[in-house]
Amino acid sequence: MPELSKSYEPGAIEARWAEFWVKEKLFSVPTPPPGETRPVFTLLLPPPNVTGSLHMGHMFEQTQMDIMVRWHRMRGFVTLWLPGMDHAGIATQLMVERQLAKEGKKRRDLGREKFIERVWEWKKHYGGRILDQMKRLGASVDWNREYFTMDENLSRAVREVFVRLFEEGLIYRGKYIVNWCPRCETAISDLEVKHEEVAGKLWEIRYPIVGWSEFITVATTRPETMLGDVAVAVNENDQRYKQLHGKNVLLPLMNREIPIITDELAQPEFGTGAVKVTPAHDPNDFAAGKRHNLPQIDVMDLNARMNENAGSYAGLDRYEARKRVLADLQEQGFLVGEKNHALALGKCDRCGTVVEPRLSEQWFIKIKPLADRAREAVESGEITIVPDNYRQIYLNWMTNIYDWCISRQLWWGHRIPAWTCEGCKEVIVAREAPTRCDKCGGSKLEQVSDVLDTWFSSGLLPFTTLGWPEKTRDLEVFYPNLLMITGFDILFFWLARMVMFGCHFMQGHEQDAAIKQASGEGDKKNDSVPFRHVYIHALVRDADRQKMSKTKGNVVDPLDIIRRFGTDATRFTLAAMAAPGTDIAFNENRTEGYRAFANKIWNAARFMFMNVDHVKQRIGPSQSSQQIGISGFTNARMEDRWILSRFNRAAADVRTALETFRFHEAANRIYDFFWGEFCDWYIELIKPRLVSEDEKTYAPARANIVNLFETSLRLLHPVMPFITEEIWQAMYDGAPPFKSIALTGYPESDWRQSDPAAETEMAILQDLIVSVRNVRAELKVEPKAKVPIELFVHEPDIRRMIEQNQGAVERLANVEAISFVDRTPTGKGTSRSTSRFDVLVIYEAKVDLTAECERLKKELEKIEKGIASGQRQLGNEQFLAKAPQNVVDNLRKQQQELALLREKTEGKLKELSCV
RNA sequence: AGGCCCGUAGCUCAGUUGGUCUAGAGCGCUUCCUUGACACGGAAGAGGUCGAUGGUUCGAAUCCAUUCGGGCCUACCA
């Protein structure tokens, strides 16, 4: 006899099974050899940052992934969930820099080599905590295949990609304006800039025209950059400035002569219609400068301090310089206006420093050719995106995309595989370090110091983790991934880049045809895509819908929630709230409720074990691999047929829900079945049979509860892996037919086990029992007192059914004896009516007449409202003509029932002489 | 500036293509019950007309328009 502890304590159970799953390598997937005919399911874990620790967002994402993964595995897919970690360039470097700061050191004090060593050291000690935490969540990943983006094989692939793109002319180097973070001292991509609306000023400055006693007034939000002005632009068609074309102005403070040019940069409607041109500090000015062959005067250094080009302002911070410039202009009479002006200020995503547009030498990817194919893949449906609105967002982005700056002036990351020849300054791009310069033959070559954007390497993961650039069997089997689950916040950063790189580098790839077919993707034409389907999940917020953030201090720690309620309850909460497209406000009240659910299951299991002696013999190993319906089940009585039918209905609903990523529906459906039907009704109904002395009575009942329970555990397992494993293992008393419930089959509904008649009959029986309970409560009948009832059942078949289940009614409604009568009973007591039966609870008590009348009136009102609206519709010819037949039929049937109920209710009102 | 999402019981949320929705669940609330699986339980209840207005339709919480309130994303107008 298996023993379950008296109370449900998730902590102990979960830690034990989490360890077991990892130790037994249950989820490791050997590469299927050629000839494999099973379907294959591959999912790549969005690699958490090596610096990260688990937060609710991770747990939410991983719960949904694990549900999908376990579900597919149980359905017989060869299932690979591939885990790994991202080296996270800026974030990690920041971490180690902070550590150094405590020792009073800067990274430059160590030098590059030593610094990188320190980072690896750091990684060894502090990195990857998150992956250990994942184990506690029960994430069924293949730990044997764990990767790190800086692993040697992945790094080699990165170099390969870089060189190929360069050779194809898709990577170029040049001096352009990029987003520069003066604190991180590196370029960042457009995506890493967060715009924030701030109240700024628009200053008007007049520049004296050389040779005239006139001025031209320009408007600017950044006066300090005027030190680098090289021209003033006006619009060619602007009549106000026609006479100034070709003149020069004298730049105040710098006393430099610069030309007035005509350019579309200047829009007559804005400001004064004249704009200063500063090519080194503004992307638009940069473009204008190119058009007019203007010089570029950079007046700042890499920390956004004014440099030697800024004359007397050299050495000042950009904001200090602004103050001084404005003061000086004011003093000299050049500042003529100051207006309030709202502007969107760009800030560094990492550190919040205001980004400076900076002219610098960087590496870029020519994005258009890649983006075109990536757009095609989604437009054609080769990749599907759920929810649908993200599809459009993706397509828009792919259409309005700019070249991607991939170089970063950091030390931690994949170093760009390019070398500069000291002699002739030639830049050589190569897979391995070259020994001499192709151009001048010089042998003094130094590698470019920049590293690559972190997303450059993570964008390659779908194929590099499977052995690319080799043509491996892994690629043949597992590429494309069947699914990608991720958040919209990295839709562009990551997902878009994976599609671009995948479509480019995997062009011509073909997945193993048999596997592709078996996986249900046989109609797909393009196997270069990194994944077939994308599901974008929502965001977890706090109970007040606020984004969780450390600075706000509203972060909910999943491990804390887990400690208090268990992983299963936490997972269930997240699943139950995961309606596609809607952010979830995490509220631990829900989790508390789902822990109660787990407790309910626990106790139902204890009840089962108390009543069943030889579990092992009852459940053969064939049972757990059985996927269709429930086997070993005997339809001895109506409740058996009923629960069997309900189970199959639930299984069908769960399948539909999971197929469409409606996790909340799946979770709720199982919850309702398990608690509302299995526990509340079925177990109650079969209790007498279970304890019967007669083997013919107890044997099928025991077999039924065991088989039903076992199959239900399998249905629930993807959502609540721990408790289901614990009970399932206990059912086999140490000798399970499989190592884990995770390796059994997932229940599918069997239409032959559906029984609509039983469902209808049971509904009537439930109606009857609830009616009696309701009356008892209203009459305040002593809970223990049994009462007699009189029952008039309209149809003979139903009467027979109730007669057969008389015992159940007596027990569950606490009824003493049922007298079946031939007409609506009247007499002492209170009655209830439905369209199928009238029941009178005989109880001599001071009936609260006022309350009963009140109730009846309210009921009548509701009935009449229903009748009125129904008749309005049925009296409408348009409705009869246009509405579908079944809607009309149902309404008619419903109207007949309502009419009957109205008659009965009115009768009762009269009987009680209600006013 | 453009685009997207949300507004349903006290609270947190479901409600797929408009039709058994006479709008559901959990928590909370009220009354009763410690009956051998479970008080993390059982039984019975109260509670919303679906932000507002107008429209389409035989029929709208569900579609359209406007509006109010809340949130988000994208954008190089100095």
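Residues numbered from 1 in each chain as written. Chains lettered and ligands numbered in written order. Predicted model: local features only at pLDDT ≥ 70, side-chain atom pairs only at ≥ 80, totals over all residues. Heavy atoms only, no water.

(A) View of helix α24 (residues 695–716). Along its 22 residues, α24 runs 31 Å from first to last C-alpha, staying within 8% of the 32 Å computed at 1.5 Å per residue. Burial runs high along α24: 19 of the 22 residues are buried. (Helix = DSSP H or I, 4+ residues; strand = E, 2+ residues; numbered from the N terminus. Expected span 1.5 Å × (residues − 1). Buried < 20%, exposed > 50% of the residue type's maximum accessible area, 1.4 Å probe, protein only.)

(B) Representation of the packing of aromatic side chains within the structure. Taken as a whole, this structure holds 43 aromatic pairs when the rule is applied. Consider the rings of Trp-404 and Phe-456, whose centres lie 6.2 Å apart with planes at 45°: the pair is tilted. Of this pair, Trp-404 sits in strand β16 (residues 404–405) while Phe-456 sits in helix α12 (residues 454–458), and the two are 52 residues apart along the sequence. As far as burial versus exposure is concerned, Trp-404 and Phe-456 are alike and both buried. Consider the rings of Phe-673 and Phe-678, whose centres lie 6.4 Å apart with planes at 0°: the pair is stacked. Each member of the pair Phe-673 and Phe-678 is classed as buried. (Phe/Tyr/Trp six-rings, centres within 6.5 Å; stacked < 30°, edge-to-face > 60°.)

(C) Quick peek at the protein's contact with RNA strand B. Phe-270, Asn-284, Trp-675, Asn-774 and Lys-882 are the nearest of the 60 residues found near RNA strand B. Protein-adjacent atoms of RNA strand B, using a 4 Å cutoff, are sugar or phosphate at a proportion of 54%. Note that a base nitrogen of RNA strand B is positioned 3.2 Å from one of the side-chain N or O atoms of Glu-684. Listing elements by their share of the surface near RNA strand B, those giving two or more residues are β8 (215–220), α19 (588–611), α23 (663–690), α26 (756–779), α29 (849–874), α30 (877–882) and α31 (885–911). The dominant element in the surface near RNA strand B, judged by the number of residues it contributes, is α19, at ten residues. (Near = heavy atom within 4 Å. Polar contact = N/O pair within 3.5 Å; in protein donor to acceptor, adjacent residues only side chain to side chain.)

(D) Fine view of the state of the cysteines. With the rule as written, the count across this model stands at zero disulfides. The closest cysteine sulfur to the non-disulfide-bonded Cys-184 is located on Cys-181, 3.6 Å from its own sulfur. According to the relative accessible area criterion, Cys-184 is buried, its value standing at 5%. Cys-440 takes part in no disulfide bond, and the closest cysteine sulfur to it belongs to Cys-421, at a distance of 3.5 Å. (Disulfide = S-S within 2.5 Å.)

(E) Molecular detail of the pattern of salt bridges. Evaluation of the coordinates by the stated rule reveals 67 salt bridges. Two residues, Arg-641 and Glu-761, come together in a salt bridge whose shortest N-O distance is 3.4 Å. Pair noted here: Arg-641 is in helix α22 (residues 638–659) and Glu-761 is in helix α26, with a separation of 120 residues, a long-range link. Taking the relative accessible area as the measure of exposure, Arg-641 reaches 24% and is therefore partly exposed. A salt bridge links Arg-655 to Glu-659, with the nearest nitrogen and oxygen atoms 2.8 Å apart. Taken together, the residues span about one helical turn, with Arg-655 and Glu-659 both in helix α22 at a distance of four residues. Exposure remark for Glu-659: the relative accessible area of 39% places this residue in the partly exposed category. Where salt bridges share partners, they join Arg-222, Glu-224, Arg-318, Arg-322 and Glu-356 into one cluster. (Salt bridge = Lys/Arg side-chain N within 4 Å of Asp/Glu carboxyl O.)

(F) Quick peek at the sheet that holds strand β14 (residues 356–365). With antiparallel pairing, the four strands of this open sheet are ordered in space as β6-β5-β14-β16. Of all strands in the sheet, those bounded by a partner on one side alone are β6 (186–188) and β16. As paired strands, β14 and β16 are joined by two bridges and run antiparallel to one another. Note that in β16 the partner of Ile-365 across the bridge is Trp-404. (Pairing = 2+ DSSP bridges.)

These values are about where atoms sit, not about what they do.
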